[in-house]
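Structural features, examined
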Amino acid sequence: MFVAPLCLVVFLYLGQALGAQLPLFNLHNITGAQPFPWHQMRLPQSVIPVHYDLSIHPNLTTLTFTGVVRIQLDVLEDTKAIVLHAKQLETFNAKLTTAEGVRSLQVVENSVYQQLALLSDEVIPKGQDYEVHMEFSANLSDSYHGFYKSSYRTSSGELRTLACTQFEATFARAAFPCFDEPAFKANFTISIIREAQHIAISNMPKTKTVALPGNVFEDHFATTVKMSTYLVAFVVSDFHSVSKTTQNGVKISVYAVAEKLNQTDFALDAAVKLLDFFDDYFNFPYPLPKQDLAAIPDFQSGAMENWGLTTYREAALLFHPEKSSITDKLQIAKIIAHELAHQWFGNLVTMEWWNDLWLNEGFAKFMEFIAVDATYPELQASDLFLGKCYNAMEVDSLASSHPVSTPVENPTEIQEMFDDVSYDKGACILNMLNDFLTTEVFEVGIVRYLKRYSYRNTVNSHLWESLTNVCDTNDLPGAPSKQKKFCSKHTLRSGEYYDGDKFDVKTIMDAWTLQKGFPLVNVDLKTRKIMLSQEHYLKIEPKPATSTKTTTKAAAEKKLLWQIPLTYKTSGSTTMHHLLMKSEVDVLRLPNQVDWIKFNVDMSGYYIVHYGKDGWKAMIKLLLNNHTALSGKDRASLIHDVFRLVSIKKVSLETALDVATYLSRETDIMAVTQGFRELVPIYKLIERREIALLDQGMKSFMLNLFKSLIDSQRWDDSGSASERTLRSYLLLFACVRNYTPCVTKAGQLFNMWKDSDGHMSLPVDVTLAVYAVGAQTEEGWDFLFEFYQRALQMSVQSRIKVALTISPLRKKLKWMLEQSLLGEVMKTQDLPDVLVSISRNPRGHRIAWDFLRANWPTLIKKFEVGSSSIAHIVTGVTSPYSTTTMLKIVEKFFSSLSVEMGSGMRCIQQAYDVILDNINWAETNFPILQSWMKKRQRLIHEDL
């Protein structure tokens, strides 16, 4: 699933260990007439599903659905109870078919654990063939999970309704009774009853359609391969489609509402190209005869990898060649690559339980960059990868972070796993693994992993075993010729930490997946002898003050250590060297004395580096005199690392700002955007505190730093993908900071565009800046919103929506939030992003916080306790706060919540951690910043 920033789940005992016992007073159904026979959140292993025969009939008029499910079972132990999942379903007429005949089953519900027990009067002996039959009904969900309703309006204003599914992670049980855990893989034969004006699509191709009484039709679909319940999918709609075929004969189809079908060409071509790439890379042909991609009008996540029927937000799939930007194109390609990578990682080979979600999501995130770089090199996807690692580190540097592989038990805890740690950290440690094993070795190991565990479930150790002794090709029949040739030469990277093909991946990687956080490597350069030490990077937190909920560094858990695959290069050589740091301290001896040494070459490793006082002086000198001696990635990582070190007081803010001053001559997108990543949040802290002199000084510093680069931008769509992406960002930054040349040009273009009633064609790369300037006035805001309503291009709507949220018009901001919640003129799926964007607007942060508090019950019901959307809202709205007053207000609200309303969510603790860190940072560094600004101004005047 590609997460984009789920009905209410009520669980009484968050954080129970696996196998925890449920107290007897909770083991009864609603009436309390019959005790529930199973005491655990996880299902028993005594009964295994083999095959589902599912018939379902959604009524898009009454917004209800009915269905019948027949489940073939493998009974492994004698039992009188079959326990499975169901959530908010009315179930009836439960029967068990045996060799002796059919018997009725009593149904008992445990709504807390979302389980049903089907009770038999007689023992059900193991080893025979059985089939359970159940009928069920429910309302189509008005959230974004389970079997839910979606809608859209045509350009003429007609409201159309459809029904679609989103079952990951624990919502298949809300559509039909099932064994809703990933390890209970089975085959599914699905049929869907629909009206004549609709079509139905599912995981497999349609085999036949049968006309039924009442002018309805039943579509029958081929039986699926063996798969988990969360990958089942079906959509009933009036969509239209376009299709092509891959080199291996797989039919690719893109489905969308009729008026947007002209925006599907790029997605169709990309899906064909990417599926062909994965067929070759994984050396395992895509196993289904078709792959559908459906653009859903209401969709909470970015996309979902259902096998054979991937579903997407419209903005994540639809591309208009004249109205969409190069950034839109890259994002769509990445999302499609992500979901298609899941067809192997996640669908073919599935994690055994949600604690190892990263095996699905980390791999898909990593492979999306590999695949897009290979298929669309002109989009320069790799330029964005560093940002993913930095996103993960922001979360992973908090005491409230969690290991990549984390024990989880209930649906809320499972939902919380869909975060930056599982996705982005997972991808970054795989990138590190790929780098130090070499790409060839890594690819051989991945092929072996997929072949060895296809249609099965895995845990961490299975992956590490597959990547160890990779040149043992006995279980790699048909491996690509390049891999066979590579392994025949037995040429693993020669270095101090490689031992032929006996390299033990598990020994190294367990620390990266089973403990939270990441290491800081301290470098002390003394002539040719380099002293190295490692420590857990954990942001220093101040005295708890009003909060006792955040663990201080002194009270942190036992000392964490990693085996770190270090890379480095020096002023004396362009060669990249490798060293495995296995202990807390180490020594590196260089053959010659050097002026500088740069560790973590191109940020291939998931760690940061401190060079000591003299080391940073050498880096500053290098950047000011010859910054291109280092790659753009290396320059970006230096900027990132030095500002991280400020947060833990290893480096002074003055040093970090001295590093940043070289950016006045920088043009590389990775380094420039990293400069913005570090400096803009500092400015936002100042802006929120309303410190006028410091505010103006910081804004002037940033504008002067990037002035030459901003002034050099052309107001057109010329250049490479990275140049175009950077142009859009720079112009928006300049206009929002009221840089006069930018505001004047953007204002002129906006007025011309508005006077043409939106018919004038604007260069796509500059539209965000133009819209942002236009939204500053009430007349401009109203025109933008009216144009938003009639625009059919999702990319145009997305850019207008961003511009509307950064307007200074408070009444408009409040109205926008209210309308997003209602979902009529603005989609509720976008509310989390709208709310967070408004919270970052200095005129809107109070509006956003008041809205969050006032509408919390509705937000929780719509987006689900523990979901990434709720986490995005909580951390996004609160992350700019930096005063003890706001900390008290935030704590007071969240501590007043019940468990059912989300009080135990990890994101709340993360919000406290971030606010505390902001308080500490501001108290320590605002005086230093003020002094540095005065010193800088004095030096500038002296130069003049």
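Residues numbered from 1 in each chain as written. Predicted model: local features only at pLDDT ≥ 70, side-chain atom pairs only at ≥ 80, totals over all residues. Heavy atoms only, no water.

With respect to the overall build of the chain
Across its full length, the chain holds 27 helices and 29 strands. In terms of overall dimensions, the chain is globule-like: its C-alpha atoms have a radius of gyration of 28 Å, near the 30 Å expected for 944 residues. Seen along its three principal axes, the alpha-carbon backbone of the chain occupies a region of about 95 × 70 × 60 Å. Counting across all 944 residues of the chain, residues that qualify as buried make up 62%. Accessible surface for the chain amounts to roughly 34900 Å². Of this, 51% is attributable to carbon and sulfur atoms. The chain carries 95 positive and 103 negative side-chain charges, and their two centres are separated by 5 Å. (Helix = DSSP H or I, 4+ residues; strand = E, 2+ residues; numbered from the N terminus. Rg over C-alpha atoms; globule rule 2.2 N^0.38 Å. Buried < 20%, exposed > 50% of the residue type's maximum accessible area, 1.4 Å probe, protein only. Areas by Shrake-Rupley, 256 points an atom, 1.4 Å probe, with all protein chains shown as cover. Lys, Arg positive; Asp, Glu negative; His and termini not counted. Charge placed at Lys NZ, Arg CZ, Asp CG, Glu CD.)

Digging into the sheet that holds strand S26 (residues 573–581)
With antiparallel pairing, 3 strands are arranged side by side in an open sheet as S26-S25-S28. One side of each edge strand has no neighbouring strand; the edge strands of this open sheet are S26 and strand S28 (597–599). Geometrically, the sheet is characterised by an average inter-axis angle of 25° between neighbouring strands, direction not taken into account. (Pairing = 2+ DSSP bridges. Axes fitted to C-alpha atoms, helices over the stretch in contact; angles between N-to-C directions.)

Things to note about unusual backbone geometry
The omega angle of the peptide bond from Glu168 to Ala169 is 10°, so this bond is cis rather than trans. Locating Ala169 in the fold gives a position in the loop between strand S10 (159–166) and strand S11 (187–195). Phi at Asn93 takes a positive value of approximately 55°, unusual for a residue other than glycine. Within the fold, Asn93 resides in strand S4 (residues 90–98). According to the relative accessible area criterion, Asn93 is partly exposed, its value standing at 35%. Although it is not a glycine, Thr438 adopts a positive phi angle of roughly 85°.

Some words on the pattern of salt bridges
In this structure the tally under the stated criterion is 42 salt bridges. Glu122 is the partner of Arg103 in a salt bridge, and the nearest nitrogen-oxygen pair spans 3.9 Å. Taken as a pair, Arg103 in strand S5 (residues 101–104) and Glu122 in strand S7 (residues 115–124) lie far apart in primary sequence, 19 residues in all. The salt bridge involving Lys650 is made with Glu535; its shortest N-O contact spans 2.8 Å. (Salt bridge = Lys/Arg side-chain N within 4 Å of Asp/Glu carboxyl O.)

Overview of the sheet that holds S10
With respect to topology, 4 strands assemble into an open sheet ordered S9-S10-S15-S12, the strand pairing being antiparallel. At either margin of the open sheet sits one strand with a lone partner, and together these are strand S9 (146–153) and strand S12 (199–202). Going across the sheet, the axis of each strand differs from the next one's by a mean of 15°, ignoring polarity. The sheet contact formed by S9 and S10 spans 8 bridges and is antiparallel. Looking at S10, one finds that Ser151 is bridged to Thr161.

Some details on helix H1 (residues 265–282)
The terminal C-alpha atoms of H1 lie 26 Å apart, and with 18 residues this matches the ideal 26 Å at 1.5 Å per residue to within 8%. The buried count for H1 comes to 14 of 18 residues, which makes it a mostly enclosed element. Directly beyond the C-terminal end of H1, a positive phi value near 50° is found at Asn283. (Expected span 1.5 Å × (residues − 1).)

Quick look at the nonpolar core
Of all hydrophobic cores here, the largest spans 315 residues; its most connected members are Phe176, Ile336, Trp856 and Phe894. Looking at which element gives the most residues to this core, the answer is helix H27 (residues 906–943), with 13 residues. When neighbours within four sequence positions are excluded, Trp856 is seen to be in contact with Ile870, Val874, Phe893, Phe894, Leu897, Met901 and Met905. (Core = buried A, V, L, I, M, F, W, Y, C linked by side-chain atoms within 4.5 Å. Contact = heavy atoms within 4.5 Å.)

Some remarks on the state of the cysteines
Inspection of every chain in the model, using the stated rule, returns 2 disulfides. Across a sulfur-sulfur distance of 2.0 Å, Cys389 and Cys428 are joined as a disulfide pair. In this structure the cystine formed by Cys389 and Cys428 twists about its S-S bond by roughly -105°; its chirality is therefore left-handed. Here Cys389, found in helix H4 (residues 385–396), pairs with Cys428, found in helix H6 (residues 420–437); they are 39 residues apart in sequence, far enough to count as distant. With respect to burial, Cys389 and Cys428 carry one shared label: buried. Across the disulfide from Cys735 sits Cys742; the S-S distance is 2.1 Å. Residues Cys735 and Cys742 share a disulfide whose torsion about the S-S bond is about -90°; that sign makes it left-handed. The burial state of Cys735 is the same as that of Cys742; both residues are buried. (Disulfide = S-S within 2.5 Å.)

Some words on the packing of helix H11 (residues 612–626) against helix H13 (residues 653–660)
It is at 9 Å that the axes of H11 and H13 come closest, and there the two elements cross at 20°. One way to sum up the angle between H11 and H13 is to call them roughly parallel. With respect to the hand of their crossing, H11 and H13 are arranged in left-handed fashion. Of the residues in H13, those in contact with Trp616, Ile620 and Leu623 of H11 are Thr655, Asp658 and Val659. (Parallel < 35°, antiparallel > 145°, perpendicular 65-115°, else oblique. Left-handed = near helix turned anticlockwise from the far one by under 90°.)

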